[in-house]
Amino acid sequence: MEKQNEVVVFGTWSSGYCKRVEIALALKGIPYEYKEEDLTNKSESLLYYNPVHKKVPVLVHNGKSIAESLVILEYIDDCWKHAPKLLPEDPYLRAKLRFWANFYDQNFMASTTQIIMSRGEERERAVKDFGEVLKVFEDGVKKDFPAEFPCFDGKNLGFLDIVVGTIACNYEAFHEAW
Ligand SMILES: N[C@@H](CCC(=O)N[C@@H](CS)C(=O)NCC(=O)O)C(=O)O
């Protein structure tokens, strides 16, 4: 007999992308099995479930796999419709949140890696670039959500909070390593 709602997450401890999935499942109260991946020696299962990118996170729900953290977050919210909702109902607001989440992933991740990997003047430039990206993000989100900034409002933990907040999940590890 098929098990209902069997949820497995393939992840790695240091990944903010994976933490997004774990946080969303925890918020919704969905039990799941966690499988830690060694990215230097990826498991057959990971390669099977994410043959295109071969990356974590991957969510496997009743044997069906979904890759890419932003896609997984939406799937979780669509699949388990109970509160707390991660995304609003309004299609326009949903689209705007997706837009800023994509902007964040395309710009911030590269920018923070650049800061971590560089030294001296190069790092100063990277920090300045990061500040500029941050300003575009903040101004843009404020303009799109004039009534209430949909992130770090101290009330609800939503889609953009999860996307942005998980950048800090490995902060201590980076701090210790560098
Ligand atoms: N866009 C992907 C990024 C996932 C990603 O970059 N995962 C990294 C770990 S943080 C990975 O699996 N890297 C393995 C590799 O590049 O081979 C997402 O949002 O899920």
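Residues numbered from 1 in each chain as written. Predicted model: local features only at pLDDT ≥ 70, side-chain atom pairs only at ≥ 80, totals over all residues. Heavy atoms only, no water.

S.K.: So what's going on with the sheet that holds strand S2 (residues 33–36)? Residues and values would help.
M.R.: The strand order across the open sheet built from four strands is S2-S1-S3-S4, with neighbouring strands paired in mixed fashion. Looking at which strands have only one partner, the edges of the open sheet turn out to be S2 and strand S4 (64–67). Across the sheet, the mean angle separating the axes of adjacent strands is 20 degrees when strand polarity is ignored. One ladder, built from four bridges, connects strand S1 (residues 7–11) with strand S3 (residues 58–61); its direction is antiparallel. (Pairing = 2+ DSSP bridges. Helix = DSSP H or I, 4+ residues; strand = E, 2+ residues; numbered from the N terminus. Axes fitted to C-alpha atoms, helices over the stretch in contact; angles between N-to-C directions.)

S.K.: Give me the layout of surface pockets: which residues, what numbers.
M.R.: In this structure, the second largest pocket spans a volume of roughly 310 Å³. Lining the second largest pocket are 19 residues, and of these Leu86, Pro88, Pro150, Asn156 and Gly158 lie nearest its centre. Contributing elements (two or more residues each) for the lining of the second largest pocket: helix H4 (91–117) and helix H6 (159–165). Ranked by residues supplied to the lining of the second largest pocket, first place goes to H6 with three residues. Each residue belonging to the lining of the second largest pocket can be placed in one class, and the counts come to 13 nonpolar, two polar and four charged. (1 Å grid on protein atoms, 1.4 Å probe; cavity = no way out; pocket = protein on both sides within 12 Å on 5 of 7 lines; lining within 4 Å. Points joined across faces, edges and corners; volume = space filled by probe spheres on them. Nonpolar A, V, L, I, M, F, W, Y, C, P; charged D, E, K, R; others polar.)

S.K.: Lay out the domain arrangement of the protein chain in plain terms, naming residues and giving numbers.
M.R.: By domain assignment, the protein chain separates into domain 1 (7–79) and domain 2 (91–177). One C-alpha centre belongs to domain 1, the other to domain 2; they are set 21 Å apart. Between domain 1 and domain 2, the residue contacts involve 15 residues of the former and 15 residues of the latter. Of the roughly 1200 Å² buried at the junction of domain 1 and domain 2 (both faces included), carbon and sulfur atoms supply 65%. Looking only at domain 1, the three residues that lose the most surface to domain 2 are Arg20, Leu70 and Glu74, adding up to 41% of its buried area. For the interface between domain 1 and domain 2, the tally reads three salt bridges. In this structure, the salt-bridge partner of Arg94 is Asp78, at a minimum N-O distance of 3.7 Å. The tally of links from domain 1 across to domain 2 stands at four residue pairs in polar contact (both at pLDDT 80 or more). (Domains from an automatic or database assignment. Contact = heavy atoms within 4.5 Å. Buried area = accessible area lost by both parts, 1.4 Å probe. Salt bridge = Lys/Arg side-chain N within 4 Å of Asp/Glu carboxyl O. Polar contact = N/O pair within 3.5 Å; in protein donor to acceptor, adjacent residues only side chain to side chain.)

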